[in-house]
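# Close look at the chain arrangement
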Amino acid sequence: MRKQRIFSGIQPTGVIHAGNYVGAIRNWINLLDKYECIFSIVDYHAITVEYDASTFQKNIIDAARTLIACGLEPDRCSLFVQSQVPEHTELAWILNCITPIGDLERMTQFKDKSRQHRDNINVGLLSYPLLQAADILLYKSEIIPVGEDQVQHIEMTRRTARRFNNRFGDTFPEPAELLSNTPKIMGLDGKTKMSKSLNNFVGILEPPDAIWEKLRTAVTDENRKRRKDPGNPGICNLFTMHKEFSSQEEISEIDRTCRTAEIGCVECKKNLFENMMRCLAPVQQRAAELETNQEEVIEVLNTGAERCRKIAEEVMNEVRGKIGVRKS
Ligand code: TYM
């Protein structure tokens, strides 16, 4: 039986953080055997905000080696850089031409980013969701494993597929999002979503002492003012992280002993740190090996791009034929 196809992407922003890891990447690894999987480092998305061209290539390779180190091995999926397959931008242009501008102006991420980058509200930022729709539709992908912040973009992709199909005939399946157990992890401030731009993150390749320093100073249940006050794990972001990195018994024990004030926040954080490092240490080690062997990383990306180009060429031939720009 044919496996359903998965597509997902991540921006090469220079840091892959714990939010990306538990919200998306770890889910991707769990899905590798059940689905045909395609993952992309979406460099053209990342240039919609101010970026440094001189370090961009390094960021792309760093993202690739981190993902491979997490478990996206090339014999189990295709991993490639978006700009290696030019059909992504070609399809995005076509989708631009069938989408009302109002649909894009309403997107939450566009509104947020326009506020964050007031002096650079470029057209790419507005049309960003259509490049994302193109990423997905180009492979006729069916399932899209993402964090919560991407759900609106997947809804937009479905609408776009429907619009294209209605106008030019049945071409694209309408993809569904697939969320992980923790589709939104808050930052170390405990108030906003963990993200690179808000500088409230734990990077998964950060040295252990840096990770500890970040956890040590992270905001917990703010109502717990003194060590002897009982805490409420239900509103503590660190407890959410425990749920991702600690064993079932430890999670129950922390839940109980925090509520009775048998343990304090520092003890709870030390425990989290140890469990987190147990999970991240092998990833860090493999990523360090790959840092000294860049050819291996580039080889993985080239193989992935080659596989994806074949699919992309075929789908674009069909699309070009349907919209009448070229006979398919
Ligand atoms: P990006 O690069 O911001 O994030 C990559 C993945 O990590 C998830 N994520 C989180 N999950 C939980 N808690 C958080 N704090 C957190 N922060 C990030 C994101 O939801 C995402 O799944 N537009 C996309 C990239 C993209 C894409 C695509 C995704 C481009 N084309 C096609 C899916 C399909 C983005 O900027 O993700």
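Here goes a summary of the coordinates provided. Predicted model, so just to flag it, every value in this text is computed and none were measured. (Residues numbered from 1 in each chain as written. Predicted model: local features only at pLDDT ≥ 70, side-chain atom pairs only at ≥ 80, totals over all residues. Heavy atoms only, no water.)

## Some points on the site of the ligand
Near the ligand, the surroundings consist of 26 residues, among which Gln 11, Tyr 128, Gln 132, Asp 135 and Asp 149 are the closest. Take Asp 149: an N or O atom from its side chain is 2.4 Å from an oxygen atom of the ligand. In the environment of the ligand, a nitrogen atom lies 2.8 Å from a nitrogen or oxygen atom belonging to the backbone of Ile 185. For the ligand, the accessible surface in isolation is 720 Å², of which the surrounding protein chains cover 95%. Of all the secondary-structure elements, those providing two or more residues to the shell around the ligand are strand E1 (5-10), helix H1 (18-31), helix H7 (123-137) and strand E4 (143-146). (Near = heavy atom within 4 Å. Polar contact = N/O pair within 3.5 Å; in protein donor to acceptor, adjacent residues only side chain to side chain. Areas by Shrake-Rupley, 256 points an atom, 1.4 Å probe, with all protein chains shown as cover. Helix = DSSP H or I, 4+ residues; strand = E, 2+ residues; numbered from the N terminus.)

## Looking at the nonpolar core
Soluble globular proteins: nonpolar side chains tend toward being buried together. Counting residues in each nonpolar core, the largest one holds 62 residues, and the members touching the most others are Ile 25, Phe 39, Leu 67, Leu 72, Leu 79 and Leu 215. Counting contributing residues per domain, this core is built from domain 1 (5-185 + 294-323) and domain 2 (208-288), each supplying no fewer than three. Leave out the neighbours within four places in its chain, and Leu 67 touches Ile 10, Ile 16, Ile 25, Trp 28, Ile 41, Leu 72 and Leu 79. (Core = buried A, V, L, I, M, F, W, Y, C linked by side-chain atoms within 4.5 Å. Buried < 20%, exposed > 50% of the residue type's maximum accessible area, 1.4 Å probe, protein only. Domains from an automatic or database assignment. Contact = heavy atoms within 4.5 Å.)

## Remarks on the pattern of salt bridges
Tallied over the full model, the rule gives 27 salt bridges. In this structure, Glu 244 engages Arg 26 in a salt bridge whose closest nitrogen and oxygen atoms are separated by 2.6 Å. Remark: Arg 26 occurs in helix H1 and Glu 244 occurs in helix H10 (residues 237-245); sequence separation between them is 218 residues. When its relative accessible area of 14% is taken as the criterion, Glu 244 is described as buried. Here Arg 26 falls in the partly exposed class, since its relative accessible area comes to 22%. Connected through salt bridges with shared partners, the residues Lys 58, Asp 62, Arg 65 and Glu 291 form a single ionic network. (Salt bridge = Lys/Arg side-chain N within 4 Å of Asp/Glu carboxyl O.)

## Regarding empty space enclosed by the protein
Scanning the model with the defined rule gives two cavities of 30 Å³ or more in all. Considering only enclosed or pocket space, the largest cavity measures out at about 110 Å³ in volume. For the largest cavity, the lining is made up of 16 residues, of which Arg 224, Cys 236, Cys 258, Cys 265 and Cys 268 are closest to its centre. Of all the elements in the fold, those that place two or more residues in the lining of the largest cavity are H10, helix H11 (248-259) and helix H12 (265-291). Top contributing element to the lining of the largest cavity by residue count: H10, with three residues. Residue classes in the lining of the largest cavity are distributed as nine nonpolar, five polar and two charged. Put simply, the second largest cavity is a space of about 50 Å³. Along the walls of the second largest cavity sit Met 107, Gln 109, Phe 110, Lys 113, Leu 125, Tyr 128, Pro 129 and His 153, which together make up its complete lining. Sorting the residues of the lining of the second largest cavity by element identifies helix H6 (108-116) and H7 as the ones contributing at least two each. Partitioning the lining of the second largest cavity into residue classes produces five nonpolar, two polar and one charged. (1 Å grid on protein atoms, 1.4 Å probe; cavity = no way out; pocket = protein on both sides within 12 Å on 5 of 7 lines; lining within 4 Å. Points joined across faces, edges and corners; volume = space filled by probe spheres on them. Nonpolar A, V, L, I, M, F, W, Y, C, P; charged D, E, K, R; others polar.)

## Focus: helix H13 (residues 294-323)
An ideal rise of 1.5 Å per residue puts 44 Å on 30 residues; H13 measures up with 41 Å between its terminal C-alpha atoms. Inspection of H13 places Val 297, Val 300, Leu 301, Gly 304, Ala 305, Cys 308, Ile 311, Ala 312, Val 315, Met 316, Val 319 and Arg 320 among the buried residues, and these make up the whole buried set. Directly after H13, the chain includes Gly 324, whose backbone phi takes a positive value near 85 degrees. (Expected span 1.5 Å × (residues − 1).)

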